[in-house]
Amino acid sequence: MMHTMRRFAAAFLIATCADPSFAAAHPGPARQERDPAAVQDAARAALLLNAEQALSAGPFSVMDKQRTAPSGDKHDFISLAPYWWPDPAKPGGLPYIRRDGEVNPESKRDTDDVPFGRMAGAVSTLAAAYRETKDERFASRAALLLRVWFLDPATRMNPNLDYGQGVPGRNTGRGAGIIATRRLVEIVDAARLLAASPAWAARDADGLRAWGSAYAEWLQTSPNGREEAAAGNNHGTWYDAQLTALLLYTGQTGAARAQVEAAKRRLASQIEPDGRQPRELARTRSWSYSVMNLHGWFAVARLAGEAGIDLWRHATADGRSLRGALDYLARFPRSGAAWPHQQITPVDQGEFADLLDQAARVWADGGYGELAARLRQVPK
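Residues numbered from 1 in each chain as written. Predicted model: local features only at pLDDT ≥ 70, side-chain atom pairs only at ≥ 80, totals over all residues. Heavy atoms only, no water.

This next bit is on the nonpolar core. Inside soluble globular proteins, nonpolar side chains tend to come together where they are buried. One finds M119, F150, L326 and F352 to be the most contacted residues of the largest nonpolar core, which totals 99 residues. With twelve residues, the single largest contributor to this core is helix 11 (residues 286-306). (Core = buried A, V, L, I, M, F, W, Y, C linked by side-chain atoms within 4.5 Å. Buried < 20%, exposed > 50% of the residue type's maximum accessible area, 1.4 Å probe, protein only. Helix = DSSP H or I, 4+ residues; strand = E, 2+ residues; numbered from the N terminus.)

Here you go:
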């Protein structure tokens, strides 16, 4: 249910953001009708149902975990690298070894990334529902969740990820852990929607901006932040997305614009002229990571629009572009051809359909929307 909640929240948040060129996805159960009003009504109903459930979510806090960071401060965020496992050939299993694409259940126990995701999903859903209904119940709960995670001195997260994705026997944290906070893009959108509610006071907005400014500074200056900024794959993309979102939210428009301009070089290094994303294709879950990376790029493109830069239509001299990357992926479900790269886990067609719906609006091409509708009718 949280996955569904997250998807509907993201769709409605995107639809109501300041950049009118950004496309809202309207996901939901497989359905035959294509009447836009009917689809919109069904999506709205699902959103409100999920928002009612989100009223009882949390509150969540970094203080809920039993472990303490190496710093000795429980306010520090902790996560473990998901694809690293005990080495059966070593005493105590240390140091851990990597098994790409295979999630170690240990990484999801008593760490902060899971509750952070639940908090972000609930806040996104509640804020979107508040925008739709002006029901203060939704705004009040979303505001509470944000205050507990980011603002209240007793429960707030310190604005760093020094201990993200630690690998037992190797390190206590690394730049790759920053991927856990990619949903700060949604948090910023939610906070903007909540600004219309008395439940989210000016002091709350000021506090979240102060937290966001501190975290943006950490992203740009810390060893882990610099490591992630240099990542050539989806980690680098989502670094750009969350940093740009925070810079815009905290009024640093010039810095956000510079970040987007720098992101153009990343796009050129990640996407081939034919649309392939080689760094994602090298993974054991190549389809999933190609889609995930493109979600990051679509977020960057929307934010770029806020900064006055059109990344949607940007292309390099040899034709590398976001649309080309989408079209490379779309050719397989469109033609029925088998995906020729490794994918060790099942594919969620809805994640790609969301991208197609956005593309249909951004590039005014109804073919993307039709393909999205067809994919949602494929049994999972």
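Here helix 11 spans 31 Å end to end across 21 residues, near enough to the 30 Å set by a 1.5 Å rise per residue. Judged by how many residues are buried, helix 11 sits mostly within the fold: 19 of 21 residues are covered. (Expected span 1.5 Å × (residues − 1).)

A few words on the environment of R174. Examined against the element boundaries, R174 turns out to sit in the loop between strand 4 (163-166) and helix 5 (184-194). Sequence-wise, R174 and L161 are 13 residues apart; in three dimensions their C-alpha atoms are separated by 8.4 Å. Those residues in contact with R174 that lie beyond four places of it in its chain are A81, W84, G164, Q165, V167, N224 and E227. (Contact = heavy atoms within 4.5 Å.)

This part is about the pattern of salt bridges. Counted by the stated rule, this structure contains 25 salt bridges. When the shortest N-O distance is used, the salt bridge between R137 and E52 registers 2.6 Å. Highlighted residues: R137 in helix 4 (residues 136-151) and E52 in helix 2 (residues 36-54), separated in sequence by 85 residues. For R137, a relative accessible area of 40% gives the class partly exposed. E52 sits in the partly exposed class, given a relative accessible area of 38%. Among the salt bridges present, the one from R276 reaches D274, with a minimum N-O distance of 2.8 Å. Owing to a relative accessible area of 28%, R276 belongs among the partly exposed residues under this scheme. Judged by relative accessible area, which is 39%, D274 ranks as partly exposed. Each of E272, D274, R276, D318 and R320 takes part in one network of salt bridges that share partners. (Salt bridge = Lys/Arg side-chain N within 4 Å of Asp/Glu carboxyl O.)

In this section: the side chain of N293. Looking at the secondary structure, you find N293 in helix 11. Among the polar contacts listed, one links the side chain of N293 to the side chain of T237, at a separation of 2.7 Å. Aside from chain neighbours lying at most four places away, what touches N293 is N233, N234, T237, Q270, Q277 and E280. (Polar contact = N/O pair within 3.5 Å; in protein donor to acceptor, adjacent residues only side chain to side chain.)

A separate point is the packing of helix 11 against helix 12 (residues 322-335). As a packed pair, helix 11 and helix 12 sit with axes 11 Å apart at the nearest point and diverge in direction by 145 degrees. Seen along the crossing, helix 11 lies across helix 12 with a hand that is left-handed. Between helix 11 and helix 12, the contacting residues are W287, S290, V291, L294, W297, F298 and A301 on the first element and L322, A325, L326, L329 and P333 on the second. Broken down by class, the residue content of the contact of helix 11 with helix 12 amounts to eleven nonpolar, one polar and no charged. (Axes fitted to C-alpha atoms, helices over the stretch in contact; angles between N-to-C directions. Left-handed = near helix turned anticlockwise from the far one by under 90°. Nonpolar A, V, L, I, M, F, W, Y, C, P; charged D, E, K, R; others polar.)

How two helices sit against one another is set out by the angle between their axes and by the gap between those axes. Closest axis-to-axis distance for the helix 4/helix 5 pair is 11 Å, and the angle between their directions is 130 degrees. With respect to helix 5, the axis of helix 4 lies oblique. For the element pair helix 4 and helix 5, the recorded crossing hand is left-handed. Residues A139, A142, A143, L146 and F150 of helix 4 form the contact with helix 5, whose participating residues are L184, I187 and L194. Split into classes, the residues belonging to the contact of helix 4 with helix 5 amount to eight nonpolar, no polar and no charged. (Parallel < 35°, antiparallel > 145°, perpendicular 65-115°, else oblique.)

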